[in-house]
Amino acid sequence: MGTRDLAAWLRDSDPALRWQVERDLLHEPPRVWEATRARIATEGFGSRLLALQEPDGQWAGGAFFPADFQRSEDGQPWTATTWTLNSLREWGLDPAVLRERRTVELLAENCRWEYDNLPYWDGEVDCCINAWTTANGLWLGADITGIVDWFLEHRLPDGGWNCEWVEGSTRSSFHSTLNSLKGLLAYDAATDGTDATRAARRAGEEYLLQRGLLRRLSTGEPVAPWVERFAYPFRWSYNVLNAAEYFRQATRLDGTGPDPRMADAIELIRAARQPDGTWRQAGRHPGRVWFEVDVPAGIAKAGRRKLTAIAKAHAPRMGERLVEAIMTALAEQTVTSIKGEHPPAPATASSNARSSSPRSPRCPTRSAGPTTTANEPRARNRTASPAAAAMSSTPCSATAPTTTTPNQFPPQPPLDNHVGTPPRRYCRTRALGTMEPLKRRGRRARALLAGFARGTGR
């Protein structure tokens with residue numbers, strides 16, 4: 001795929017992506033990309049999410065979990081208010097759209113955190129949740145000053161943050177630190193910040209930079225395979241692409257150049273580029289979504305376009321439906337293969353010692369460092385309320401308890417543990433095996449499926 005073809009492919013996308021391509025890659029004048037950005041509210045992904053907002057200002061009836069959340073669900077649901085606001089903000093929706101709907105006021109009146117029934121705009125005790133609430137509040141015009149002060153008080157001695165501080169951890173986490181930095185950066189960008197917020201941000205950045213964004217400080221080895229697993233949406237998870245985007249924004253705000261300690265991380269991103277100029281999707285976090293916004297693991301978006309063209313040539317009247325059925329089957333089989341191949345890690349002494357304490361289903365495998373004592377704070381019950389129903393770090397993929405208690409969410413499979421991408425033929429053949437009804441739809445359908453199995457779905 002040449003440069004022109006790649007640009008055209010990227011531009012042939014939802015307005016949520018297209019305006020960023022026009023601004024950052026094609027360097028179109030503001031009148032062009034601003035017009036595209038304005039369309040987020042009326043078409044595509046943004047319009048679909050806006051249509052799902054409830055009269056009380058929430059999505060799915062809850063702050064972090066949907067009202068009908070069941071602990072037996074496979075994965076963290078991504079449909080509740082916080083996750084939906086995150087998506088709309090990251091896609092570039094004009095906040096005036098939600099302000100006209102009185103979203104800030106409605107959430108203040110109707111939305112409470114599942115943790116201790118705390119008011120929505122006051123935040124809670126989880127670093128990542130508080131970071132997203134800070135960024136969303138600034139975007140919509142809510143008062144989140146108290147949450148910013150909370151970040152200053154809860155920074156750990158090594159410079160970063162860890163959501164498991166409530167269980168006594170004194171070691172920072174890559175995931176928690178990056179998300180916390182994003183919240184503070186949003187505050188500094190919107191308000192010019194304070195000496196205290198800038199100092200906290202510098203300390204958190206130094207935590208990551210000392211480790212080259214990917215290594216353990218103690219051994220110099222990569223902290224975990226997830227540092228080079230480029231999956232979208234990012235959700236809560238860390239990888240060097242996610243971190244590099246943060247530092248790009250931070251250096252622009254601060255007027256500084258790139259730190260040379262990021263060189264290995266940037267090279268890792270460049271090395272993952274495919275010959276056609278694209279990057280492959282590494283996987284999706286399991287869990288309920290309103291709708292998918294990207295391809296399954298190992299399948300490039302360009303593959304979907306090519307498959308659609310082939311489908312329409314062979315079956316003009318049913319081509320798009322065939323492609324949708326194929327991609328849906330691929331998504332289902334990709335998640336199934338991940339679950340089957342990667343069972344939860346065995347429990348360790350430290351994880352067993354804490355197995356009775358609740359932990360967020362967003363990151364069920366996080367090790368909190370030293371075991372808490374009777375005098376240390378512990379996490380309280382984080383269940384859906386009836387009304388809302390490298391480094392001495394603490395990576396999310398550390399030891400995980402394998403048993404559940406009434407106050408603990410069940411373990412979840414990790415985000416696609418393949419370091420690269422799953423074998424595409426494996427995914428294809430598993431998916432095609434679930435699609436016998438399609439084979440009975442005639443010669444054109446059979447030709448399409450045969451072509452896809454040979455590799456035309458790349």
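Since this is a predicted model, take the numbers as computed values, not measurements.

Cut-offs applied
- Residues numbered from 1 in each chain as written.
- Predicted model: local features only at pLDDT ≥ 70, side-chain atom pairs only at ≥ 80, totals over all residues.
- Heavy atoms only, no water.
- Axes fitted to C-alpha atoms, helices over the stretch in contact; angles between N-to-C directions.
- Helix = DSSP H or I, 4+ residues; strand = E, 2+ residues; numbered from the N terminus.
- Left-handed = near helix turned anticlockwise from the far one by under 90°.
- Contact = heavy atoms within 4.5 Å.
- Nonpolar A, V, L, I, M, F, W, Y, C, P; charged D, E, K, R; others polar.
- Core = buried A, V, L, I, M, F, W, Y, C linked by side-chain atoms within 4.5 Å.
- Buried < 20%, exposed > 50% of the residue type's maximum accessible area, 1.4 Å probe, protein only.
- Expected span 1.5 Å × (residues − 1).
- Phe/Tyr/Trp six-rings, centres within 6.5 Å; stacked < 30°, edge-to-face > 60°.
- Lys NZ or Arg CZ within 6 Å of the ring centre and 35° of its normal.

Draft legend 1. Examining the packing of helix α10 (residues 174–191) against helix α11 (residues 195–210) more closely. Where α10 meets α11, the axes come as close as 10 Å, and the angle between the chain directions of the two elements is 150 degrees. α10 and α11 meet at a crossing whose hand is left-handed. The segment α10 lies against α11, with Phe-174, Thr-177, Leu-181, Leu-184, Leu-185, Tyr-187 and Asp-188 engaging Thr-197, Arg-198, Ala-200, Arg-201, Gly-204, Glu-205, Tyr-207 and Leu-208. Partitioning the contact of α10 with α11 into residue classes produces 8 nonpolar, 3 polar and 4 charged.

Draft legend 2. Inspection of the nonpolar core at higher detail. If you look at the biggest cluster of nonpolar residues, it comprises 73 residues, and the most contacted ones within it are Leu-88, Leu-98, Leu-213 and Tyr-238. The contacts of Tyr-238, once residues within four sequence positions are left out, are Phe-174, His-175, Leu-178, Leu-208, Leu-213, Trp-226, Val-227 and Ala-243.

Draft legend 3. Representation of α11. Counted at 1.5 Å a residue, the expected span for α11 with its 16 residues is 22 Å, and the 22 Å between its end C-alpha atoms agrees. Thr-197, Ala-200, Arg-201, Ala-203, Gly-204, Glu-205, Tyr-207, Leu-208 and Leu-209 are the residues of α11 that are buried. In this structure, the buried side of α11 is in contact with α9 (145–153), α10 and α12 (240–254). Just downstream of α11, Gly-212 is the residue with a positive phi angle, here 65 degrees.

Draft legend 4. Region of the structure containing the packing of aromatic side chains. Counting across every chain of the model gives 19 aromatic pairs. Measuring from centroid to centroid gives 4.9 Å for Tyr-120 and Trp-121, while their planes differ by 85 degrees, and the two rings are edge-to-face. Accessibility classification places Tyr-120 together with Trp-121 in one group, the buried group. One cation-aromatic arrangement involves Arg-37 over Trp-19; the distance from NZ or CZ to the ring centre is 4.1 Å.

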